[in-house]
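Overview (structure and organization)
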Amino acid sequence: MTQFSSSLYPQTNPTSVILLNTRVARERGSSFQGIAYAFNGCVDAAGCFITLDWERITDSRVIDHARRVIDRLANLERLAALSG
């Protein structure tokens, strides 16, 4: 899955496998808050992330970046719910 990157911005890095998995979970109806809770719990407990394709992600830079993105999305979702 790491071969996918933005077609609009060819200079960008490949899309994170973790964020691609987040997109799939979102399309299946999960909230960003639920995704953040599950992601943080799994990474904190196991020290790695297992993708839907059973790829084990252990690179702390990739995990930290995904954590920041997912947490931002969860916070935006929370703010949107509060503002009605």
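Right, let's walk through the structure included here. (Residues numbered from 1 in each chain as written. Predicted model: local features only at pLDDT ≥ 70, side-chain atom pairs only at ≥ 80, totals over all residues. Heavy atoms only, no water.)

**Things to note about the packing of aromatic side chains**
Counted under the stated rule, the structure contains 1 aromatic pair. Judged by centre distance (5.4 Å) and plane angle (50°), the ring pair of Phe39 and Phe49 falls under tilted. You can see Phe39 sitting in helix H2 (residues 32–46) and its partner Phe49 sitting in strand E1 (residues 49–50), a full 10 residues away along the chain. Phe49 shares its class with Phe39; the two are buried. A cation over an aromatic ring shows up here: Arg26 above the ring of Phe32, its NZ or CZ 4.4 Å from the ring centre. (Phe/Tyr/Trp six-rings, centres within 6.5 Å; stacked < 30°, edge-to-face > 60°. Helix = DSSP H or I, 4+ residues; strand = E, 2+ residues; numbered from the N terminus. Buried < 20%, exposed > 50% of the residue type's maximum accessible area, 1.4 Å probe, protein only. Lys NZ or Arg CZ within 6 Å of the ring centre and 35° of its normal.)

**Concerning the nonpolar core**
Of all hydrophobic cores here, the largest spans 12 residues; its members are Ile18, Phe32, Ile35, Ala36, Phe39, Val43, Phe49, Ile57, Ile63, Ala66, Ile70 and Ala74. Looking at which element gives the most residues to this core, the answer is H2, with 5 residues. In contact with Phe39, other than residues within four places in its own chain, are Ile18, Phe49, Ile63, Ala66, Arg67 and Ile70. (Core = buried A, V, L, I, M, F, W, Y, C linked by side-chain atoms within 4.5 Å. Contact = heavy atoms within 4.5 Å.)

**What about the environment of Asn21?**
By the secondary structure assignment, Asn21 is in helix H1 (residues 17–27). The exposure class assigned to Asn21 is buried, which follows from its relative accessible area of 7%. For Asn21 and Asp53, which are 32 residues apart along the polypeptide, the C-alpha to C-alpha distance reads 9.2 Å. In terms of polar contacts, Asn21 uses its side chain to reach the backbone amide nitrogen of Leu52, at 2.6 Å. (Polar contact = N/O pair within 3.5 Å; in protein donor to acceptor, adjacent residues only side chain to side chain.)

**Focus on the packing of H1 against helix H3 (residues 60–83)**
The geometry of H1 relative to H3 is characterised by a closest axis approach of 9 Å and an angle of 30° between their N-to-C directions. With respect to each other, H1 and H3 are oriented roughly parallel. Note on element contacts: H3 touches H1 through Val62, Ile63, His65, Ala66, Val69, Ile70 and Glu77, opposite Ile18, Leu19, Thr22 and Arg26. Tallied by class, residues from the contact of H1 with H3 come to 7 nonpolar, 2 polar and 2 charged. (Axes fitted to C-alpha atoms, helices over the stretch in contact; angles between N-to-C directions. Parallel < 35°, antiparallel > 145°, perpendicular 65-115°, else oblique. Nonpolar A, V, L, I, M, F, W, Y, C, P; charged D, E, K, R; others polar.)

Remember, this is a structural readout, not a statement about activity or role.
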